[in-house]
Amino acid sequence: MSKQKYFQEPLFQELKKDYCYVCYERIKKDEGIYIGHDMWRHKKCKPGSNKWLKSKIGQENSLVTPHDSAT
């Protein structure tokens, strides 16, 4: 059975910076990077990393696009 994660955004704007938008885990002090649009991520959750590629964000926004041999 697959493990599903549910993420609920914090009600207060000032609490948003405590959660990573990639892995949905809490960010400890000095471990986060501000991305923009009130979004934060862990330093280890950088685009292209294993954590990024395994996350829902990484699967939706793949950095590697397959080449079409027909074109």
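Residues numbered from 1 in each chain as written. Predicted model: local features only at pLDDT ≥ 70, side-chain atom pairs only at ≥ 80, totals over all residues. Heavy atoms only, no water.

K.L.:
Looking at this structure, I do not really get unusual backbone geometry. What am I missing?
P.N.:
With the exception of glycine, the majority of residues adopt a negative phi angle, and the majority of peptide bonds are in the trans configuration. Of note in the backbone geometry, tyrosine 24 takes a positive phi value of approximately 65 degrees without being a glycine. For tyrosine 24, the position within the fold is in the segment before strand E1 (32-36). A relative accessible area of 28% places tyrosine 24 in the partly exposed class. (Helix = DSSP H or I, 4+ residues; strand = E, 2+ residues; numbered from the N terminus. Buried < 20%, exposed > 50% of the residue type's maximum accessible area, 1.4 Å probe, protein only.)

K.L.:
Please explain the pattern of salt bridges as it appears in this structure.
P.N.:
A full pass over the atoms with the stated rule returns 1 salt bridge. With a shortest N-O distance of 3.3 Å, aspartate 18 and arginine 26 are connected by a salt bridge. (Salt bridge = Lys/Arg side-chain N within 4 Å of Asp/Glu carboxyl O.)

K.L.:
How should I be thinking about the environment of valine 22 in this particular structure?
P.N.:
With respect to the secondary-structure elements, valine 22 resides in the segment before E1. Along the sequence, valine 22 and serine 55 sit 33 residues apart, while their C-alpha atoms lie 6.2 Å from each other. Non-local contacts of valine 22, meaning those with residues more than four positions away in its chain, are made with Arg41, Cys45, Lys51, Trp52, Ser55 and Ile57. (Contact = heavy atoms within 4.5 Å.)

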